Amino acid sequence: MEQYKMLIAGQWVDSASGQCFESMNPATGKPWALIPRGTPEDVDRAVRAAHAALRSPAWGGLSATARGALLRKLADLLASEADSLARTETRDNGKLIAEMTLQLRYLPQFLYYFAGLADKVEGSVPPIEKPGIFNYTRLEPIGVVAAITPWNSPLLLAVSKLAAALAAGCTMVMKPSEHASASLLEFARLIERAGIPAGVVNVITGFGNEIGDAIVSHPKVAKIAFTGGEVGGRAISQLAARDFKSVTLELGGKSPNIVFDDAIIDDAVKGAISGIFAASGQTCIAGSRLLLSRRIHDEFVEKLLTFARQARIGDPASMDTQVGPITTAQQYDRVLGYIEIAKQEGAKCVLGGNRIAGEGLFVEPTIFTGVHNHMRIAQEEVFGPVLSVIPFDSDEEAIEIANDTLYGLAAGVWTQSMKRAFTVSNRIEAGTVWVNTYRAASFMSPFGGYKHSGIGRENGVDSIREYLQTKSVWMNYGADVPNPFVMRI
Ligand code: NAD
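*Asks:* Just checking my understanding: could you explain a nonpolar patch on the surface for this structure?
*Replies:* A surface patch of nonpolar side chains, amounting to about 420 Å² of accessible area, comprises Val125, Phe134, Met475 and Tyr477. Within the secondary structure, Val125 sits in the loop between helix H4 (108-117) and strand S6 (133-141).

What follows is the structure, given as structure tokens:
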């Protein structure tokens, strides 16, 4: 068993209680690491360290250009450790080694991008109409940022927050998921090696229901950047609102992948498969509702089944595996539960629908046809390899079904008609729309949700604003200071 420690104020420490919890390898169902079980006392120390670092000469006194240089060093180190960190993630969350390797090799780009942005944050000079008065704005770091992240892409979702927050000059307390904490703790060693001063980034591990409130309600935490489920998101949002704290919430989805009758069918089949079976459906952007024009429905489903049946299911640590296990036992039961619900609701299971016997938490890639959008299987986030196929007869109906959900994270549109591509994309209520592709993402492009899928955006130039606050400064260089009791009209 590997034994990990937390990083607080530049020290590698156990939890104040001395307790640990086990992290399980989903491919074997066996524990492989011991992670410190953080307590509210640990949270307090971590937040105080971050707050002290905010004002310290070593960080608060650095120029934005120097901060960028540190982020670049960190990016170089991350690039050199990407493959090893990918192996840790696969062991911890059961996602495919091929996917984690690609993700981790790409991740330094986020740091380079925000490193470049650090010294391009500029205030403004409004042309104030008052003679003798000069006004300018400064964009200042918002303060201590708490980054709370899930298990499905542990480092991607943590580092994308860190890149923007540190570029903005903030300091951080980071809390990874209790189901996949190891990679962030390993990454934290690189933060030290890059020369980022002690206390600027603190990593605290533990359970959301034990230390979440202590983090969010800590008076010295100014902002919470959260990626996770709706339940956690709502709790954080409500608690943060009590003290008027800023939040960025990246939540769940029930994304429609819409295939029109003029689509290139073979491309759309690949898009539908990667939309739902990549990462065993455990992604917020999963294209879990496949909306099919009734004119191509049967032909499309036939091709989809042929393609899906070829998926190699197995050990996520093998480069040949295409579908891996479900990450947590709780999630495994939830996915199987939704498969039962879909059957009871009258949807037709045309592929899979069962657990896979043996070691590990494996569920067969599953496809339901004859799904109505009002069914629970079409409305609730399953977070597993379960696809609901919903037919439609007109563009209008497709748009209506696509938007008939509480969520609004992403959508796919497959068509060769430019008119359709623009019209439908404009009318979809989602933060991301892909036309004739699915899952494309970049550090340069804003990502976030409409409706219950979240608040705020990550990535892209504007996202650094999520970590800044504006100060308006007024200078009198020549105006009379009037007698306050004599109002001149
Ligand atoms: P989760 O909400 O259970 O946990 C996410 C993190 O929040 C964990 O670190 C957890 O410990 C913490 N947490 C939970 N409750 C908390 C509370 N009350 N206060 C503070 N912290 C709390 O989510 P998960 O099961 O780890 O991940 C799956 C969910 O994440 C899915 O709903 C998925 O759609 C969503 N997700 C969204 C995105 C996105 O960018 N929109 C990306 C990946 C995953």
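*Asks:* In this structure, what is going on with the sheet that holds strand S14 (residues 348-351)? I would like to understand it.
*Replies:* Adjacent strands of a sheet pair through backbone hydrogen bonds, lying either parallel or antiparallel. Judged by pairing direction, the sheet is mixed, and its 7 strands sit side by side in the order S14-S15-S16-S13-S12-S17-S18 without closing on themselves. Looking along the sheet, the strands with just one partner apiece sit at the ends: S14 and strand S18 (432-435). Across this sheet, the average inter-strand angle for adjacent strands is 25 degrees, counted without regard to direction. In this structure, S14 lies alongside strand S15 (residues 366-369), joined through 3 bridges in antiparallel fashion. Note that in S15 the partner of Cys349 across the bridge is Phe368.

*Asks:* Would you mind showing me how to read the sheet that holds strand S5 (residues 30-36) here?
*Replies:* Ordered in space as S1-S5-S4, the 3 strands form an open sheet in which the pairing is mixed. Looking at the sheet topology across the chains shown, the edges are occupied by strand S1 (2-3) and strand S4 (20-25). In terms of strand pairing, S4 meets S5 through 6 bridges, oriented antiparallel. What sits directly across from Cys20, in S5, is Pro36. Each of S1, S4 and S5 touches helix H2 (residues 64-93); the most contacted strand, S4, lies at about 95 degrees to it.

*Asks:* What is the right way to look at the nonpolar core in this model?
*Replies:* Nonpolar side chains in soluble globular proteins generally cluster together in the buried interior. Leu74, Leu111, Leu162, Leu166, Met174, Phe187 and Ile196 are the most contacted members of the largest nonpolar core, which has 63 residues in total. Considering each element in turn, this core owes the most residues, 10 residues, to helix H5 (residues 154-167). Excluding residues that lie within four positions of it along the chain, Met174 makes contacts with Ala147, Ala158, Leu162, Leu184, Val201, Asn202, Val203 and Ile204. Formed by 32 residues, the second largest nonpolar core is a distinct cluster that contains Ile258, Val371, Val382 and Ala430.

*Asks:* Is there a simple way to explain the domain arrangement of the protein in this structure?
*Replies:* Size of an interface: often given as the accessible area lost when the parts come together. One can read the domain layout of the protein as domain 1 (2-251 + 453-473) and domain 2 (256-435). Using only C-alpha atoms to locate each centre, domain 1 and domain 2 end up separated by 31 Å. Where domain 1 abuts domain 2, roughly 2000 Å² becomes buried across the two surfaces, and 61% of that area is made up of carbon and sulfur atoms. In terms of surface lost to domain 2, no three residues of domain 1 exceed Leu96, Trp151 and Ser453, which account for 28% of the buried area on that side. With a shortest N-O distance of 3.0 Å, Glu359 and Lys30 are connected by a salt bridge. Summed over the shared surface of domain 1 and domain 2, the result is 8 residue pairs in polar contact (both at pLDDT 80 or more). Those elements giving two or more residues to the side of domain 1 that touches domain 2 turn out to be H2 and helix H3 (97-106). Residue contributions to the side of domain 1 that touches domain 2 peak at 4 residues, all from H3. Partitioning the side of domain 1 that touches domain 2 into residue classes produces 8 nonpolar, 9 polar and 6 charged.

*Asks:* Please explain the site of the ligand as it appears in this structure.
*Replies:* For the ligand, the set of nearby residues contains 27 residues, the closest of which are Thr149, Glu178, Gly229, Leu251 and Glu381. Between the ligand and the protein, one listed contact pairs an oxygen atom with a side-chain N or O atom of Trp151 at 3.1 Å. With the chains in place, 86% of the 840 Å² that the ligand exposes on its own is no longer accessible. Elements represented by at least two residues in the shell around the ligand include exactly helix H7 (208-217), strand S10 (221-227) and helix H8 (230-242). Looking at the shell around the ligand element by element, the count peaks at 3 residues for H8.

The rules we used
- Residues numbered from 1 in each chain as written.
- Predicted model: local features only at pLDDT ≥ 70, side-chain atom pairs only at ≥ 80, totals over all residues.
- Heavy atoms only, no water.
- Patch = residues over 30% accessible without salt bridge, like charges linked within 9 Å, V, L, I, M, F, W, Y side chains within 5 Å.
- Areas by Shrake-Rupley, 256 points an atom, 1.4 Å probe, with all protein chains shown as cover.
- Salt bridge = Lys/Arg side-chain N within 4 Å of Asp/Glu carboxyl O.
- Helix = DSSP H or I, 4+ residues; strand = E, 2+ residues; numbered from the N terminus.
- Pairing = 2+ DSSP bridges.
- Axes fitted to C-alpha atoms, helices over the stretch in contact; angles between N-to-C directions.
- Contact = heavy atoms within 4.5 Å.
- Core = buried A, V, L, I, M, F, W, Y, C linked by side-chain atoms within 4.5 Å.
- Buried < 20%, exposed > 50% of the residue type's maximum accessible area, 1.4 Å probe, protein only.
- Domains from an automatic or database assignment.
- Buried area = accessible area lost by both parts, 1.4 Å probe.
- Polar contact = N/O pair within 3.5 Å; in protein donor to acceptor, adjacent residues only side chain to side chain.
- Nonpolar A, V, L, I, M, F, W, Y, C, P; charged D, E, K, R; others polar.
- Near = heavy atom within 4 Å.

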